[in-house]
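# Coordinate inspection notes
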Amino acid sequence: VVFHDDNLERLTLSQSTKKINDLNYEELLNTPLLDGSIIPLLKDILDEMDQQIAFNLEIKTTSVGIQLSDMIKDRKPYAPYLISSFLMMELNAFKTRNPNIPLAWLTPQLCLNDFKIAKKLNAISIHIPNESKDITLLKKMKEENYLCNVYTVNEIQDYHFWKQQNINGIFTDSTIILGNHLAT
């Protein structure tokens, strides 16, 4: 399924704190989101989207790297995918089945070890949290030719900071920041 949060609490009326991966798809189908829609399957989204739309697909749970790789491998032509995760084992599993799709290492706090992990994965990007504002490490990312995408940038002053750093992209929940970014 395609759902960012670990549970249904924030986006449904159910206030359920049950983890998404503890529910079967039938249970998810019977839990409408606040806007009345249902939680989609990744296959359905990929079928509907234009091949020119870039996808950042984050692996959030164990034992799905191979399944995701097989699902994407069977799709022709490839859309521009980027597979990201905090789970190194899942990225490795994905890469062994599908080495031509680029990877991104997600880190909870940018540190020197992240460069070693990204290199082992042959990742093209390191996704860093908004709080990781160490200019020295950001320069090192550029020197080592990693793309830098920042999550979750929801304040306008943070957006301006990152824009000055010439990062490659942001993840945001803010329509205001998204509008500002698209307008530039």
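Quick caveat: nothing in here was measured; it's all calculated off a predicted structure. In this numbering scheme, every chain counts its residues from 1 along its sequence in written order. Only residues with pLDDT of 70 or above have their local features reported here, since the model is predicted, and side-chain atom pairs are shown and tallied only from 80 upward, although totals for entire chains, interfaces and linings are computed over all residues. Excluding hydrogens and water, the side-chain values take into account all heavy atoms of the structure.

### Some remarks on the pattern of salt bridges
Throughout this description, the term salt bridge denotes a Lys or Arg side-chain nitrogen within 4 Å of a carboxyl oxygen of Asp or Glu. In this structure the tally under the stated criterion is 5 salt bridges. Salt-bridge contacts for Asp70 lead to Arg97; the nearest nitrogen and oxygen are separated by 2.6 Å. Note that Asp70 is positioned in helix H3 (residues 65–73) and Arg97 in helix H4 (residues 88–97), a separation of 27 residues in sequence. Classification of residues uses two cut-offs on accessible area relative to the type maximum, computed with a 1.4 Å probe and protein chains only: under 20% is buried, over 50% is exposed, and between them is partly exposed. On the basis of relative accessible area, Arg97 is assigned to the partly exposed category, the value being 33%. A salt bridge links Lys133 to Asp158; the shortest N-O distance between them is 2.6 Å. Linking Lys133 in the loop between strand S4 (125–129) and helix H6 (135–143) with Asp158 in helix H7 (residues 156–164), this pair joins segments that are 25 residues apart in sequence. Classification of Lys133 by relative accessible area gives partly exposed; the value is 32%. Here a helix means four or more residues in a row that DSSP labels H or I, a strand means two or more in a row labelled E, and each is numbered from the N terminus.

### Points about the side chain of Ser132
Tracing the backbone shows Ser132 in the loop between S4 and H6. On the accessibility criterion, Ser132 (2% relative accessible area) is buried. Here a polar contact is taken to be a pair of N or O atoms separated by no more than 3.5 Å, where protein atoms must pair a possible hydrogen donor with a possible acceptor and residues adjacent in sequence count only if both atoms sit in side chains. A polar atom in the side chain of Ser132 sits 3.1 Å from the backbone nitrogen of Leu110. Whether two residues touch is decided by their heavy atoms; if any such pair falls within 4.5 Å, the residues are in contact. Those residues within four positions of Ser132 in sequence are excluded, and the remaining contacts are Gln109, Leu110 and Trp162.

### Structural notes on the sheet that holds strand S1 (residues 55–59)
Taking strand neighbours across the sheet as the criterion, the 6 strands line up as S1-S2-S3-S4-S5-S6 in an open arrangement whose pairing is parallel. A strand with exactly one partner marks an edge of an open sheet, and here the two such strands are S1 and strand S6 (169–170). Sheet analysis places S1 next to strand S2 (residues 81–85), joined by 5 bridges and oriented parallel. Note that in S2 the partner of Phe55 across the bridge is Tyr81. Docked against the sheet, H4 engages S1, S2 and strand S3 (103–106), running at close to 175° with respect to S3. Two strands make a pair as long as DSSP finds a minimum of two bridges between them. For helices, the fitted line uses only the C-alpha atoms of the stretch in contact; every axis is such a line through C-alpha atoms, and the angle between N-to-C directions lies from 0 to 180 degrees.

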